[in-house]
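Given next are the chains, with one letter for each unit.
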Amino acid sequence: MDLAVILQTLLSGVMMGFVYALVSIGLNLIYGVMEIINFSHGAFLMLAMYIAYWLNVMAGTDPVLAAPASGLAIGLLGALTYKLIIKRVMKAPALAQVFSTFGLLVFLEALAHFLWTADYRTVEKTAFSGVVSLFGLRVGLAKLVVAACAILTTAVLFWFYNRTKTGKALQATAISHRAAKLMGIDTDRMFLISWILGGATVGMAGAFLASLYNIFPTIGTTFVLLAFAVVVLGGFGSITGTLYAGLIIGLIENVAGIFAPAFKYAVVYALFIGVIVFRPKGLLGR
Amino acid sequence: MTRKPTKETLPALPGSSLLKPGFLVPLLAFVVAFPWVFQRSTFQNTAILVLLYAFLGQAWNILGGYAGQVSFGHAVFFGIGAYTSSLLLINTGLNPWLGMLVGAAVAATVAAVIGIPAFRLTGHFFLMATVGFGEIIRTLFVNLPEVTRGAQGVFLPLLESSIKNLMFRQSNTGYYYIILVMTVALFAGTAWLERSKLGYYFKAIKEDWEAAEALGVNATRYKFIALAISAALTAMGGTFYAQWVLYLDPYSTMPLMVSVQIALVAILGGVGTVMGPFLGAALLLPVSEVIRVAVGGGGRGISPMIYGLAIILISVWQPNGIMGWVQARERRAPQDQTGGAEP
């Protein structure tokens with residue numbers, strides 16, 4: 001195998017890695033703040049992809065440009081999920097918490113199946129097509145734009161999380177609900193914000209991914225397992241870890257894709273289980 | 001002389017009013033007479049589905065309800081059971097009943113291997129790992145056509161109709177009674193388990209595994225036992241399914257939705273109770289069959305939509321399922337069996 005192919009695969013892996021990181025950050029943000037895993041995270045992603053798809057069909061909007069709209073919509077869905085479901089099960093046994101978001105996943109996937117059938121859909125009108133040369137390597141323009149947008153979105157999120165007062169309040173809540181409350185932080189508001197942010201980031205990621213993948217009701221399951229792998233590898237509660245792990249998973253998936261295309265996700269899941277066995281805390285877990 | 005606690009001195013188990021002869025005898029009479037009373041094939045098909053899912057739900061309940069390890073990957077064990085007996089039947093002509101036992105052993109072994117990493121996790125994370133393993137193993141089934149015939153699927157050979165062959169080509173009645181016997185036996189076994197030492201170990205692990213360990217219960221060991229029993233039983237249900245439907249493929253036999261349905265039957269009925277899985281199956285399967293017939297074309301996602309909504313509503317309003325409601329009624333009813341306790 002020649003060097004150009006290897007470098008091309010690595011570059012592609014890094015680019016997809018940024019997108020995977022963005023897909024996974026919301027999952028880890030909500031877990032970090034509330035210790036609840038949103039099993040419907042993949043369904044959020046799937047709905048965002050459909051939003052981008054339908055905007056493309058009806059208004060001709062490029063999926064990448066649909067990101068603000070899908071981010072807003074899924075952010076709102078996150079807020080609703082918190083208000084209507086999560087708030088009611090927070091005091092319930094752990095089993096009930098697990099069931100509730102899993103039920104939401106089943107419901108949303110079935111809803112998409114009901115509304116839009118199981119047909120595979122492909123975004124046809126894209127503003128970015130063709131191939132560009134980057135450091136002597138050939139890269140699809142659509143993928144490059146997607147990666148750039150994912151990097152930008154992640155950077156904004158990092159800035160918000162680390163530099164703003166609300167972001168710091170979120171971090172404080174993640175460390176201890178009680179201590180945060182004693183410091184005058186409205187933890188209920190922080191929970192709501194984490195769900196809005198979690199929804200908005202995965203919503204934007206969905207729009208970015210819409211032009212690269214076929215869209216169908218259960219597409220989210222594929223990505224959510226990938227996102228679990230990213231979050232577990234990066235360490236629960238660590239947003240920075242999620243970014244690194246996204247890059248690693250992106251690389252592994254692309255390399256495995258060359259050698260055993262049918263098993264590329266099986267390789268990722270196997271890695272996920274390997275991490276559980278050998279380093280349950282992940283790379284940067286608390 | 002030490003006094004050991006006897007059955008009489010133990011507190012009544014929640015939901016035990018459904019385990020009294022007054023409820024069980026009429027119920028048994030009804031299920032035994034069912035195929036004579038309702039002869040239409042749609043009724044009989046639905047009844048077989050109810051019993052099969054009651055069986056699968058109870059198998060899940062042993063791990064998820066009693067030992068508290070919630071799995072959304074049981075379709076894997078179901079598929080392993082179905083495929084093992086069917087492939088053995090096709091390739092070696094092994095009798096399906098023996099195939100069922102081999103399938104159960106294979107499933108228990110696979111379960112033990114899965115358990116090694118998965119039992120390092122608890123709660124949310126354990127559930128996540130079971131979903132992950134479900135997807136990995138299904139991917140293997142699709143992509144190893146030399147063994148499983150991949151996406152093409154497996155057609156079972158037609159054998160002479162007999163109990164020995166676990167095959168009936170003319171009517172559903174034979175299948176009905178076989179799954180009825182299997183289900184009644186499993187439910188009787190679970191009722192015994194609830195009062196056995198093993199059952200108490202399971203419950204101790206579920207409530208507080210650290211306290212259980214401190215009291216000398218090897219939590220990990222009993223989690224493995226619960227998982228192996230649960231997986232083996234689920235695989236037996238898989239063999240029955242294969243012999244009944246006569247066709248298997250990875251997409252229809254072991255998708256995530258089958259795992260969901262197995263778990264939901266127990267969750268809806270009430271986890272960790274003997275009668276819960278039966279009540280859940282008796283409510284869920286007929287409803288989803290009626291929807292399927294009414295809407296047509298596989299329901300186009302309506303059944304899963306109702307499943308999803310049902311799971312959300314149960315977890316928000318009544319985490320104990322139908323049995324939660326039964327228990328609330330028992331508490332309100334006058335306690336007639338507490339004689340002698342009051343001063």
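Visitor: For this particular structure, what's the right way to read the pattern of salt bridges?
Guide: Should their charged atoms come close, side chains of opposite charge can pair. For the coordinates displayed, the defined rule picks out two salt bridges over all chains. Salt-bridge contacts for Asp188(A) lead to Lys87(A); the nearest nitrogen and oxygen are separated by 3.6 Å. Pair noted here: Asp188(A) is in helix α8 (residues 187-210) and Lys87(A) is in helix α3 (residues 67-89), with a separation of 101 residues, a long-range link. The exposure class of Asp188(A) is partly exposed, given its relative accessible area of 29%. Across the pair Glu135(B) and Arg138(B) runs a salt bridge whose closest N-O atoms are separated by 3.0 Å. Placement of the pair is Glu135(B) and Arg138(B) together in helix α5 (residues 123-143), with a separation of three residues, close to one helical turn. Glu135(B) sits in the buried class, given a relative accessible area of 13%. Look at Arg138(B) and you get buried, because its relative accessible area is 17%.

Visitor: Even after reading the chapter, I still don't get α8(A), so can you show me in this structure?
Guide: Count 3.6 residues to each turn of an α-helix, and residues three or four apart come out pointing the same way. Here α8(A) spans 34 Å end to end across 24 residues, near enough to the 34 Å set by a 1.5 Å rise per residue. Among the 24 residues that make up α8(A), 19 are buried, leaving the element largely enclosed by the rest of the structure.

Visitor: Is there a simple way to think about the packing of helix α2 (residues 41-66) of chain B against helix α7 (residues 173-195) of chain B in this case?
Guide: Angle between the axes and distance between the axes are the two parameters that describe a pair of packed helices. All names here are of chain B. In contact at an axis separation of 9 Å, α2 and α7 are set at 25° when each is read in the N-to-C sense. Overall, the two elements α2 and α7 adopt an arrangement that is roughly parallel. Seen along the crossing, α2 lies across α7 with a hand that is left-handed. For the pair formed by α2 and α7, the contact residues are Gln-44, Ala-47, Ile-48, Leu-51, Leu-52, Ala-54, Phe-55, Gln-58, Ala-59, Ile-62 and Tyr-66 on the first element and Thr-173, Tyr-175, Tyr-176, Ile-179, Leu-180, Met-182, Thr-183, Leu-186, Phe-187, Thr-190, Leu-193 and Glu-194 on the second. For the contact of α2 with α7, the per-class residue count stands at 17 nonpolar, five polar and one charged.

Visitor: Before we go on, may I ask you to explain the interface of chain B and chain A in this structure?
Guide: Quoted interface sizes are often the accessible area lost when the parts come together. The interface is formed by 38 residues belonging to chain B together with 41 residues belonging to chain A. Buried area between chain B and chain A, summed over both chains or domains, comes out near 3600 Å², and the portion from carbon and sulfur atoms is 84%. Here chain B and chain A share zero salt bridges between them. Viewed at the interface, chain A and chain B are joined by zero residue pairs in polar contact (both at pLDDT 80 or more). Elements supplying a minimum of two residues to the side of chain B that touches chain A: α5, α11 (256-269) and α13 (302-317) of chain B. At 13 residues, α5(B) tops the list of elements feeding residues into the side of chain B that touches chain A. Among the residues making up the side of chain B that touches chain A, the classes are represented as 28 nonpolar, seven polar and three charged.

What counts and how
The numbering scheme is per chain: residues are counted from 1 as the chain's sequence reads. Each chain gets a letter, beginning with A, and each ligand a number, beginning with 1, in the order they are written. Given that this is a predicted model, residues contribute local features only at a pLDDT of at least 70 and side-chain atom pairs are listed and counted only at 80 or more, while totals for whole chains, interfaces and linings are drawn from all residues. Calculated side-chain values reflect all of the structure's heavy atoms, with hydrogen atoms and water omitted. Put simply, a salt bridge is a Lys or Arg side-chain nitrogen that is within 4 Å of an Asp or Glu carboxyl oxygen. By the criteria applied, helices consist of DSSP H or I runs no shorter than four residues and strands consist of E runs no shorter than two, each listed in order from the N terminus. Categorising residues by exposure relies on relative accessible area from a 1.4 Å probe, with only protein chains included: less than 20% of the type maximum marks a residue as buried, more than 50% marks it as exposed, and the intermediate range marks it as partly exposed. The length a helix should cover is 1.5 Å for every residue beyond the first. Lines fitted to the C-alpha atoms define the axes, with helices restricted to the stretch that makes contact. Angles between their N-to-C directions range from 0 to 180 degrees. To sort the angles, those under 35 degrees are grouped as roughly parallel, those over 145 as roughly antiparallel, those from 65 to 115 as roughly perpendicular, and the leftovers as oblique. Take the far helix as your reference; a near helix turned counterclockwise from it by less than a right angle gives a left-handed crossing, and one turned clockwise gives a right-handed crossing. By definition in these notes, contact holds between two residues if any of their heavy atoms fall within 4.5 Å. Lys, Arg, Asp and Glu make up the charged group, whereas Ala, Val, Leu, Ile, Met, Phe, Trp, Tyr, Cys and Pro make up the nonpolar group; the residues left over, Gly among them, are polar. Here the quantity called buried area is the accessible surface, traced with a 1.4 Å probe, that two parts lose on coming together, added over both. Under the rule applied, a polar contact is a pair of N or O atoms within 3.5 Å (in protein, one hydrogen donor and one hydrogen acceptor; residues adjacent in sequence only if both atoms are side-chain atoms).

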